[in-house]
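As a plain string of letters, each chain reads:
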Amino acid sequence: QVQLVESGGGLVQAGGSLRLSCAASGRTFNTRVIGWFRQTPGKEREFVAAIRWSGMTYYADSVKGRFTISRDNAKNTVNLQMNNLKPEDTAVYYCAAQQRVGTYYYPNDYDYWGQGTQVTVSS
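Residues numbered from 1 in each chain as written. Predicted model: local features only at pLDDT ≥ 70, side-chain atom pairs only at ≥ 80, totals over all residues. Heavy atoms only, no water.

Undergrad: Before we go on, may I ask you to explain the pairing of strand 8 (residues 77–82) in this structure?
TA: Each regular strand carries side chains that alternate between the two faces of the sheet. In terms of residue burial, strand 8 counts as a mostly covered element, since five of its six residues are buried. With six bridges connecting them, strand 3 (residues 18–26) and strand 8 associate as antiparallel partners. The residue bridging S21 from the neighbouring strand is N79, located in strand 8. (Buried < 20%, exposed > 50% of the residue type's maximum accessible area, 1.4 Å probe, protein only. Helix = DSSP H or I, 4+ residues; strand = E, 2+ residues; numbered from the N terminus. Pairing = 2+ DSSP bridges.)

What follows is the structure, encoded as structure tokens:
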């Protein structure tokens, strides 16, 4: 199937930056969308950003202008550049692959998920 592995999380101060990476392997040829979601304990999983196979990108209003989603040159990794981080960005960040027609911001429309990487932003 598809395996997704996130990396790049860590602890930073407010205003700092992190770059998350999502490495995909397996049968990825029919992937339509790669999305980033985040989740705080006790809260619902929240859409952050997504990139379609065409390169079209989408962002949650809360991260527009601060986060950038992109693919690397090898086209097997999706990155999330996170700038001007805020304490409210603290969460476990997950990447996910959507292989059926669906809605890019809806977690239930994604087929595969990574294990998550912790991002903690201190004030």
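Undergrad: I keep staring at the state of the cysteines and nothing clicks. Help me out?
TA: As used in these notes, a disulfide is a covalent bond between sulfur atoms, one from each of two cysteines. A full pass over the atoms with the stated rule returns one disulfide. The partner cysteine of C22 in its disulfide is C95, sulfur to sulfur 2.1 Å. Across the S-S bond linking C22 and C95, the dihedral sits near 65 degrees, which makes this disulfide right-handed. With C22 in strand 3 and C95 in strand 9 (residues 91–98), the pair connects residues that are 73 residues apart, well separated along the chain. Grouping residues by exposure puts C22 and C95 together as buried. (Disulfide = S-S within 2.5 Å.)

Undergrad: Would you mind showing me how to read the sheet that holds strand 8 here?
TA: Spatial strand order, 1-3-8-7: four strands in an open sheet with antiparallel pairing. The sheet terminates laterally at strand 1 (2–7) and strand 7 (67–71), the two strands that pair on one side only. Direction aside, neighbouring strands of the sheet carry axes that sit 15 degrees apart on average. Pairing geometry for strand 7 and strand 8, over five bridges, is antiparallel. The residue bridging S70 from the neighbouring strand is N79, located in strand 8. (Axes fitted to C-alpha atoms, helices over the stretch in contact; angles between N-to-C directions.)

Undergrad: So what exactly am I meant to see when it comes to the pairing of strand 9 here?
TA: Burial analysis of strand 9 places eight of its eight residues in the buried class, which makes it a mostly covered element. Relative to strand 9, strand 4 (residues 33–39) runs antiparallel, the two sharing seven bridges. Residue pairing across strands places F37 opposite Y94, the latter belonging to strand 9. Sheet topology places strand 9 next to strand 10 (residues 112–113); two bridges connect them, and they run antiparallel. Each residue of the ladder has a partner; that of A96, found in strand 10, is W113.

Functional significance is not addressed by these values, which are geometric in nature.
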